[in-house]
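Structure at a glance
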Amino acid sequence: MSGKLYLVATPIGNLEDITLRAIRILKEVDLIAAEDTRNTLKLLNHFEIKKPLISYHRHNEQIKVDNLIEKLKNGENIAVVSDAGTPGISDPGEVIVKEAIKNSIEVIPIPGACAAINALIASGLDTKEFTFMGFLPLNKKLRKEKLKEIENETKTIIIYEAPHKLKNTLEDLKDILQNRKVVLARELTKIHEEFIRGNIEEIISKAESLKGEMIILIEGAKYKEKEVELNELSLDEQFEFYKNQGLDKKEIIKKIAKDRGVSKNEIYMEFLDK
Ligand code: SAM
């Protein structure tokens with residue numbers, strides 16, 4: 001019988017945030033696949049857990065998966081942990097989960113800390129619906145596309161950022177956010193935990209001197225702001241904008257016709273091939 005694959009969330013700063021179940025599973029599995037074995041060893045030592053560790057990080061994820069799947073098929077139970085927080089969320093995990101499912105191996109999440117969710121719930125921004133974007137791409141073209149998405153996104157947006165890139169990212173956001181609320185969630189669960197709230201200009205002025213781990217949260221675009229921008233979009237861009245909101249072709253055509261004060265038929269003819 002195949003073993004089980006556990007995705008075990010670990011603390012994002014405060015070690016008290018590990019769950020009793022996470023400790024038990026880490027004690028029970030045959031092997032722990034860790035993003036950084038030295039880091040995880042410190043965690044295991046703290047909780048007096050002795051287990052074989054194998055490295056499983058972004059750069060060897062694909063290669064290591066075959067080996068781990070083989071072990072699972074041979075009946076070994078494996079826990080995947082990342083350096084901090086929930087595996088698979090801007091951290092390794094996704095590849096092995098997909099492969100495990102293909103091989104009919106049971107995948108079990110062990111819930112715990114996730115920086116994005118904790119930042120969101122205390123941000124003061126809308127929590128009903130949100131868009132998690134992880135790290136913004138570094139590639140210029142892809143980054144520009146993401147910034148456009150952020151500009152039009154009506155749900156609360158969550159972005160991860162490395163401390164040394166924070167200033168640069170905030171400057172990029174300055175051009176598109178106008179007066180939308182921004183929250184920086186810093187050093188969550190640690191001694192210097194802090195939420196800094198304001199508009200983008202205010203956040204930039206305060207961010208200069210900040211150190212530590214950071215999440216950027218952005219209020220969704222308001223409908224009125226969007227309308228002004230929509231007039232400036234090409235037909236194709238407007239189509240994409242509504243498509244990203246989950247509307248189907250018929251609804252999109254209706255919206256565009258209304259926005260532009262023209263007949264639905266006129267817009268329909270423009271998008272015959274879509
Ligand atoms: N898998 C993790 C999770 O569940 O949140 C995220 C890992 S990702 C590689 C690291 C990023 O998460 C950091 O650059 C930062 O944006 C955010 N982060 C992690 N821990 C944090 C903390 N204690 N306070 C604020 N942000 C944190």
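Residues numbered from 1 in each chain as written. Predicted model: local features only at pLDDT ≥ 70, side-chain atom pairs only at ≥ 80, totals over all residues. Heavy atoms only, no water.

1. So, the pattern of salt bridges
- A complete count under the given rule lists 14 salt bridges for this structure.
- A salt bridge links D172 to R143; the nearest nitrogen and oxygen atoms lie 2.8 Å apart. With D172 in helix α7 (residues 166–177) and R143 in helix α6 (residues 140–152), this pair connects stretches of sequence that are 29 residues apart.
- Residue classification places D172 among the partly exposed positions, given a relative accessible area of 22%.
- For E149, the salt bridge identified is with K146, shortest N-O distance 3.5 Å. Here E149 pairs with K146, and both are found in helix α6, just 3 residues apart, close to one helical turn.
- Taking the relative accessible area as the measure of exposure, E149 reaches 32% and is therefore partly exposed.
- Each of the salt bridges in this network shares a partner with another, and the network as a whole consists of E187, K190 and E213. (Salt bridge = Lys/Arg side-chain N within 4 Å of Asp/Glu carboxyl O. Helix = DSSP H or I, 4+ residues; strand = E, 2+ residues; numbered from the N terminus. Buried < 20%, exposed > 50% of the residue type's maximum accessible area, 1.4 Å probe, protein only.)

2. A look at the side chain of T40
- Looking at the secondary structure, you find T40 in helix α2 (residues 37–46).
- Since its relative accessible area comes to 5%, T40 is described here as buried.
- Excluding its chain neighbours within four sequence positions, the residues that come into contact with T40 are I32, A34, L53, V81 and S82. (Contact = heavy atoms within 4.5 Å.)

3. Notes on the packing of aromatic side chains
- Evaluated as defined, the whole model comprises 4 aromatic pairs.
- Plain terms: the ring middles of F132 and Y160 are 5.1 Å apart, the flat faces sit at 75° to each other, and that makes the pair edge-to-face. Placement of the pair is F132 in strand β6 (residues 130–135) and Y160 in strand β7 (residues 156–161), with a sequence separation of 28 residues.
- For F132, a relative accessible area of 32% gives the class partly exposed.
- With relative accessibility at 10%, the residue Y160 sits in the buried group.
- Ring pairs connect the aromatic residues F132, F135 and Y160, which therefore count as one cluster. (Phe/Tyr/Trp six-rings, centres within 6.5 Å; stacked < 30°, edge-to-face > 60°.)

4. Considering the nonpolar core
- Counting residues in hydrophobic clusters, the biggest one holds 22 residues, and the most contacted among them are I150, L170, L173, L184 and I216.
- Sorting the residues of this core by element identifies α6, β7, α7, β8 (181–186), α8 (200–207) and β10 (214–218) as the ones contributing at least two each.
- Looking at this core element by element, the count peaks at 5 residues for α7.
- Beyond its immediate sequence surroundings of up to four residues, L173 is in contact with L147, I150, I200, I216 and I218.
- Membership of the second largest hydrophobic core comes to 18 residues, among which are A22, V29, L44 and V81. (Core = buried A, V, L, I, M, F, W, Y, C linked by side-chain atoms within 4.5 Å.)

5. A few points about the sheet that holds strand β1 (residues 5–8)
- Within the open sheet, the 5 strands sit side by side as β3-β2-β4-β1-β5. Their pairing is parallel. Single-partner strands in this sheet number two, and they are β3 (53–55) and β5 (107–110). Shown here is a sheet whose adjacent strand axes are inclined to one another by a mean of 25°, direction ignored.
- As judged from the 3 bridges shared by β1 and strand β4 (residues 78–81), these two strands associate in the parallel manner. Each residue of the ladder has a partner; that of L5, found in β4, is I78.
- In the packing of α2 onto the sheet, the strands contacted are β2 (31–34), β3 and β4, and the crossing angle to β3 comes to about 155°.
- Each of β1, β2, β3 and β4 is contacted by helix α3 (residues 61–73), which is oriented at about 150° to β3, the strand it contacts most. (Pairing = 2+ DSSP bridges. Axes fitted to C-alpha atoms, helices over the stretch in contact; angles between N-to-C directions.)

6. Side note on the sheet that holds β10
- A sheet is described by the order of its strands in space; here 5 strands give the open sequence β6-β7-β10-β8-β9, paired in mixed fashion. Edge strands, defined here as strands with exactly one partner in the open sheet, are β6 and β9 (194–199). Pairwise comparison of adjacent strand axes, ignoring direction, gives a mean angle of 20° for this sheet.
- As defined by bridge partners, β8 adjoins β9 across 6 bridges and the pair is classed as antiparallel. Note on β9: the bridge partner recorded for R186 is E194.
- Strands in contact with α6 are β6, β7 and β10; relative to β6, the strand with the most contacts, it is inclined by about 160°.

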